[in-house]
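Each chain, letter by letter, is given below.
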Amino acid sequence: MLAMNILHQEQLYTMETAIERDIIENANFAWSGHFGHKGILQVHSIADFWSWMRLGFLGLVVKPGWLYSEPAPDILGGPDMTSRPDMPTAWLFNGYERPAPVANEYLHYAKVISGIRMRQSVSGAGDFCVLPSLLDPALLSQWLAKPCFPSDLGLLSPEVHEAENFLGLQREEFLFPDLFTIQELTQQVLDMEDGCAYSNATGNACRCEWCSAGAQSLRPWIDEETSRVEISMVVYNAQYGSYTYVSVNFMFNRGGHIHSFIHCLSAFVNPFLRPGPELALTLVAATLWIGALLYALAAELTEIRGAIRNSNAGLRKALWEDYVGFYNMVDWSSIIVGSLAIGYYFQSRIAASAVNELLPSMIDASLKPDANYQSTVKEFFRAAEDMSKAKKDTELQLMFYPLIIMMRLFRSFEAQPRLALVSATLKTAAPDLGHFFMIFLCVYLCFVVSSLLFFGQDLESFSTMDRALHTSFLAMFGDWDWNAMTDVGMLRAAVWFWVFMVMMVLFMLNMLLAIIMDAYQMEKYKTSDATTLWQQILDMIERRRQYIRGERVRLTDVWKTFRRQYAGKEKAMLSSDQLLSVEYLVNTVTRMPEQQALRTMVHSLKRDDILTHGFMTEEQVNKHVEKTLGSMELKIKAILEDVEFINDKLDFFDRLLAPGDAEYDFYFGADGQSHDQASRLWIYNSITAISEELQQNFVRGIQRIGTWQDEFECEQTELADGLREFEQLLAQSLEALQELSNVVEGMDKEI
């Protein structure tokens, strides 16, 4: 809100677009009757430039009178407006002090303040020609008959930073509508074109200052040394209260082509000259923003102080271990960038104030030109340049700030599980994304280099590494110029394009989406039972009501209580191994109900379990279940071996001989006991031992099964099958015991 109310980009866009379109569409040359068939985009030679300057741009900016519509052709029988001698050249409308168009008026609602400035950058002549090594340099120099003028300007279509470079410009010339008529200004342009040759031949005064200086009296203003021409003017729009620095640039590359580029830089006289409600909203927003920056600064400094106080190590180690983190760096970035934005804004306002201070003297010089007129104009242009650059720097800083705020918002979203889903997804996918992007960048850079070598000579969008990077990136997302790509050949372009689309779009981008969606599904499963934002708000309201009624205490109060116990040393508090209980919380924290203490302990244990063990992935769960089932299989195998042993023993005793047999006496004979008593005692002890061992095994097995069932609810079906197998084994064991008991009873009856 603050940036929108201060910058008002929509108003600046309106003014700058109107100026650019006016120059592109209406500054025409190659006239045939009332139609100019060429414009600034058709300036391809030095002669075209001077035709455009004299016949198009100059008459567009310096209007001699009120313009009327074109005459109707004879076939339509319309009136010829321009042939009527009584048509007024100016109109005095209501409220006007002078007839319109007034002096220096531009596009009806703006005024050109300081005339038109023309200057250029040149590349000096020298021995810079690239010559074949087999040729004689003297012969080739004689054949060329002129030096070389190397320059990197205009190699490709101009960019904004080239138009914003005001250094190294020379051969400065001014066209002053306040001092001269349109005819005199036209003569000045002609003198600049031919180096005052015609004026000298006819005995007229030369109006080109640079052309008539020193020994260069017969040298045109533009020659083969010229690499860039800038035509600039400062326009003031009183409707919006803004300055606009208009820069029309022509880049002369050494291939013989001329690139044209129009760039406007605007700034308001005073952004706070707004209606009352808008101004109040702007001031409130500015106050809140500066207050937020100061609060963030205070919070970070407090956190730094706490980290130093709670650490027993040195300053550097304390900051590195207990303070430095990703979101702390984000907070400091927001503070630094915000402070820089404020500083750059004040710098831009100081630069605009300098222009405002020069404006009265510029207006006086325009209304009453004197000997200091030209020096005043030069000073005003320099101030306008500084204002434009300062305004651009401010916008650049303000552009970065919302991106940093976006990172801080992710930190705030982590307080709510469902809002933290995006950042949690990125964290989960980060390892896979890191490895993926290593492959992605290698493949992508190979395609970029391939496109540079393949299309660079024929397409400007692939001619440099940075342009090829950008154009290839756009192609991945469906933005390409197929007709231009076919300049290298239909089949060749199709082969490269197919391979690029299959590898980068069908494979790489879809793999990227698969990695992200896999992590998203995992995080979505984690938060499936999390509280929604709306429910959390309702819970906060309910907790507030309970706190007012004295039914609960705030968690911050609990934190402060423990913090006081450790004298404010949070690190020692968090690393303490003191055991806590519900009773301890109730007795330690003032007014804490037992129910809240119990709930807090349960939630803390759950949170600690999550932090300790984390969330098991599907693959980890499968491995753990597989390991558990393997352990159960070993236990079951041991039980089966025990049952087989019991079965062998029972079968053995079924085949024992009658009393008096040597083998029978060996097993059942004892001192002071009869054979019958010894047999019963031995059988009783064996059955008792086997029963106790089986009982212990079954109890331990059931306990373990219960534990596994609590830990792995998702595997209840498999565990239930295991329980049923245990029940079957138990039934078989009981049947075996019953059969053994029946055998003993049968032996008693026989005896």
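What counts, and at which threshold
Residues numbered from 1 in each chain as written. Predicted model: local features only at pLDDT ≥ 70, side-chain atom pairs only at ≥ 80, totals over all residues. Heavy atoms only, no water. Patch = residues over 30% accessible without salt bridge, like charges linked within 9 Å, V, L, I, M, F, W, Y side chains within 5 Å. Areas by Shrake-Rupley, 256 points an atom, 1.4 Å probe, with all protein chains shown as cover. Salt bridge = Lys/Arg side-chain N within 4 Å of Asp/Glu carboxyl O. Helix = DSSP H or I, 4+ residues; strand = E, 2+ residues; numbered from the N terminus. Buried < 20%, exposed > 50% of the residue type's maximum accessible area, 1.4 Å probe, protein only. Disulfide = S-S within 2.5 Å. 1 Å grid on protein atoms, 1.4 Å probe; cavity = no way out; pocket = protein on both sides within 12 Å on 5 of 7 lines; lining within 4 Å. Points joined across faces, edges and corners; volume = space filled by probe spheres on them. Nonpolar A, V, L, I, M, F, W, Y, C, P; charged D, E, K, R; others polar. Axes fitted to C-alpha atoms, helices over the stretch in contact; angles between N-to-C directions. Parallel < 35°, antiparallel > 145°, perpendicular 65-115°, else oblique. Left-handed = near helix turned anticlockwise from the far one by under 90°. Contact = heavy atoms within 4.5 Å. Expected span 1.5 Å × (residues − 1). Bend = angle between axes of the 7 residues up to and from the residue. Core = buried A, V, L, I, M, F, W, Y, C linked by side-chain atoms within 4.5 Å. Phe/Tyr/Trp six-rings, centres within 6.5 Å; stacked < 30°, edge-to-face > 60°. Pairing = 2+ DSSP bridges.

A. Spotlight on a nonpolar patch on the surface. Together, F437, L441, L445, V449, L453 and M465 make up a nonpolar patch on the protein surface, roughly 540 Å² of accessible area in all. For the nonpolar patch, the leading source of residues is helix α12 (residues 421-455), giving five residues. For L441, a relative accessible area of 45% puts it in the partly exposed group.

B. Fine view of the state of the cysteines. All told, the structure shown has three disulfides when counted by the stated rule. Each disulfide pairs two cysteine sulfurs, and for C129 the partner residue is C148, the sulfurs being separated by 1.8 Å. Between C129 and C148, the S-S dihedral sits near 110°, and the bridge is therefore right-handed. Separated by 19 residues along the polypeptide, C129 in the loop between β5 (116-122) and α4 (137-144) and C148 in the loop between α4 and α5 (160-163) bring together distant segments of the chain. The side chain of C208 participates in a disulfide bridge whose partner is C211; the two sulfur atoms lie 2.3 Å from each other. Between C208 and C211, the S-S dihedral sits near 60°, and the bridge is therefore right-handed.

C. Structural context of empty space enclosed by the protein. Enumeration according to the criterion identifies three cavities of 30 Å³ or more in this entry. Its volume calculated, the largest cavity comes out at about 90 Å³. For the largest cavity, the full set of lining residues is I6, L7, A267, F268, P271, Y345, S348, R349, A352, K391 and T394. Elements with a minimum of two residues in the lining of the largest cavity: α1 (2-7), β9 (258-268), α10 (326-367) and α11 (373-413). Its residues assigned to classes, the lining of the largest cavity comprises seven nonpolar, two polar and two charged.

D. A look at the packing of helix α8 (residues 276-310) against α10. One can describe the packing of α8 onto α10 by two numbers: an axis separation of 10 Å at closest approach and a directional angle of 140°. With respect to α10, the element α8 is oriented oblique. Between α8 and α10 lies a crossing whose hand is left-handed. Touching W289, I290, L293, A296, L297, E300, L301, E303 and I304 of α8 are N328, D331, W332, S334, I335, G338, S339, A341 and I342, all from α10. In terms of residue class, the contact of α8 with α10 is built from eleven nonpolar, four polar and three charged.

E. Highlighting α10. For α10, which comprises 42 residues, the first-to-last C-alpha distance of 60 Å matches the rise-based estimate of 62 Å (1.5 Å per residue) to within 8%. Taking the largest bend as the criterion, α10 deviates by roughly 30°, centred on L359, and proline P360 comes between one and four positions later.

F. Representation of the nonpolar core in the model. With 42 residues, the main nonpolar core has I23, W52, F57, W221, I231, V248 and F250 as its most contacted residues. Elements with a contribution of two residues or more to this core: α2 (9-26), α3 (46-61), β4 (110-112), β5, α6 (182-194), β7 (226-237), β8 (242-252) and β9. When residues in this core are grouped by element, the largest group, eight residues, is from α3. With near-sequence residues (within four places) excluded, I231 lies in contact with F49, W52, M53, F57, I116, R117, M118, V246, S247, V248 and F250. Of all hydrophobic cores here, the second largest spans 27 residues; its members include V443, F447, A493 and W496.

G. Structural context of unusual backbone geometry. A100 connects to P101 through a cis peptide bond whose omega is 5°. Structurally, P101 can be placed in the loop between α3 and β3 (105-106).

H. Spotlight on the environment of S461. Structurally, S461 is set in the loop between α12 and α13 (465-476). Between the alpha carbons of S461 and S157 there is a distance of 9.8 Å; along the sequence they are 304 residues apart. With sequence-adjacent residues up to four places away left out, S461 is seen in contact with R467, A468 and T471.

I. Inspection of the pattern of salt bridges at higher detail. If you walk through the whole model with that rule in mind, you get 22 salt bridges. The salt bridge involving K146 is made with E224; its shortest N-O contact spans 3.1 Å. Remark: E224 occurs in the loop between α7 (197-202) and β7 and K146 occurs in the loop between α4 and α5; sequence separation between them is 78 residues. Of the charged contacts in the structure, one is a salt bridge between E395 and K391, with a shortest N-O distance of 2.4 Å. Pair noted here: E395 and K391 are both in helix α11, with a separation of four residues, about one helical turn.

J. Geometry of the packing of aromatic side chains. Across all of its chains, the model carries 33 aromatic pairs by this definition. Aromatic side chains W50 and W221 sit 6.3 Å apart centroid to centroid with 70° between the ring planes, which places their arrangement in the edge-to-face category. Taken as a pair, W50 in helix α3 and W221 in the loop between α7 and β7 lie far apart in primary sequence, 171 residues in all. Residue classification places W50 among the buried positions, given a relative accessible area of 1%. On the basis of an interplanar angle of 75° and a centroid distance of 4.9 Å, the ring pair of F454 and F455 is categorised as edge-to-face. Given a relative accessible area of 0%, F455 falls into the buried group.

K. Spatial organisation of the pairing of strand β1 (residues 29-32). Pairing analysis gives three bridges linking β1 to strand β2 (residues 35-38), with the strands arranged antiparallel. Paired with F29 across the two strands is K38, which belongs to β2. Joining the antiparallel neighbours β1 and β2 is a turn of two residues, in which G33 adopts a positive phi near 70°.

These figures capture arrangement, not role.
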